Amino acid sequence: MQQINPEIKGLAGYQPDLPEKNTWPELVGKDATEVKELLEKETDLNVFLVPTGSVVTMDYRTNRVRVSFDPATNKVVKAPRVG
């Protein structure tokens, strides 16, 4: 049986341990693009920009952060968090 390389981000079925920091309330009100770049730089998580009102899946993934933002202003409207 072939082993899964845990270093590959986004690999189906790969769920790393929950990071020590899993929410970033201090980023609310900041520019969404800058927040995405910051989180990608500081963590090894997959970061997704999600316009407010978008339909998203309800699955919980410990390697994902969704950044909810207002598309009119490009500002983060809810604290980004792992899930």
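Everything numeric in this text was worked out from a predicted model, so none of it was measured.

1. Things to note about the overall build of the protein chain
Across its full length, the protein chain carries one helix and four strands. Going residue by residue from the N terminus, the α and β elements of the protein chain occur as α-β-β-β-β. Burial statistics for the protein chain: of 83 residues in total, 25% are counted as buried. In the protein chain, the share of contacts with a sequence separation of at least 24, taken over all contacts with a separation of at least 6, comes to 46%. For the protein chain, the accessible area works out to roughly 5800 Å², and carbon and sulfur atoms hold 54% of it.

2. Comments concerning the environment of Leu-38
For Leu-38, the position within the fold is in helix α1 (residues 32–42). Along the sequence, Leu-38 and Leu-27 sit eleven residues apart, while their C-alpha atoms lie 9.9 Å from each other.

3. Re the nonpolar core
Core analysis: the biggest nonpolar cluster contains twelve residues, these being Trp-24, Leu-27, Ala-32, Val-35, Leu-39, Leu-45, Val-47, Val-65, Val-67, Phe-69, Val-76 and Val-82. Put simply, the parts of the chain that give this core at least two residues each are α1 and β2 (64–70). Contact partners of Val-67, with chain neighbours within four places excluded, come to Val-35, Leu-39, Val-47, Phe-48, Leu-49, Val-50, Val-76 and Pro-80.

4. A short note on the layout of surface pockets
Here the idea is plain: a probe the size of a water molecule rolls over the atoms and shows the empty space left. When its volume is computed, the largest pocket comes out at roughly 420 Å³. When the residues that make up the lining of the largest pocket are grouped by side-chain class, the tally is eight nonpolar, four polar and five charged.

5. Let's talk about α1
Buried within α1 are the following residues: Ala-32, Val-35 and Leu-39. Projected down its long axis, α1 carries its buried residues within an arc of 55 degrees, all on one side. For α1, the exposed residues set more than 90 degrees away from the buried face come down to Glu-34, Glu-37 and Lys-41. Looking at the buried positions of α1, the neighbouring elements they touch are β1 (46–51), β2 and β3 (75–76). Residue Asp-31 occupies the N-cap position of α1, its side-chain oxygen lying 3.2 Å from the main-chain nitrogen of Thr-33.

6. Considerations on the pairing of β2
Along a regular strand, successive side chains alternate from one face of the sheet to the other. For β2, the tally of buried residues reaches five of seven residues, placing the bulk of the element in the interior. Direction of pairing for β1 relative to β2: parallel, over a ladder of six bridges. Across the sheet, the residue bridging to Leu-49 is Val-67, located in β2. Looking at chain direction, β2 and strand β4 (residues 81–82) are connected through two bridges and run antiparallel. Following the sheet pairing, Arg-66 is matched in β4 by Arg-81. Here two bridges tie β2 to β3, and the two strands are oriented antiparallel to one another. Bridge pairing in β3 places Phe-69 opposite Val-76.

Rules of the game
Residues numbered from 1 in each chain as written. Predicted model: local features only at pLDDT ≥ 70, side-chain atom pairs only at ≥ 80, totals over all residues. Heavy atoms only, no water. Helix = DSSP H or I, 4+ residues; strand = E, 2+ residues; numbered from the N terminus. Buried < 20%, exposed > 50% of the residue type's maximum accessible area, 1.4 Å probe, protein only. Contact = heavy atoms within 4.5 Å. Areas by Shrake-Rupley, 256 points an atom, 1.4 Å probe, with all protein chains shown as cover. Core = buried A, V, L, I, M, F, W, Y, C linked by side-chain atoms within 4.5 Å. 1 Å grid on protein atoms, 1.4 Å probe; cavity = no way out; pocket = protein on both sides within 12 Å on 5 of 7 lines; lining within 4 Å. Points joined across faces, edges and corners; volume = space filled by probe spheres on them. Nonpolar A, V, L, I, M, F, W, Y, C, P; charged D, E, K, R; others polar. Arc of directions from axis to C-beta. Polar contact = N/O pair within 3.5 Å; in protein donor to acceptor, adjacent residues only side chain to side chain. Pairing = 2+ DSSP bridges.

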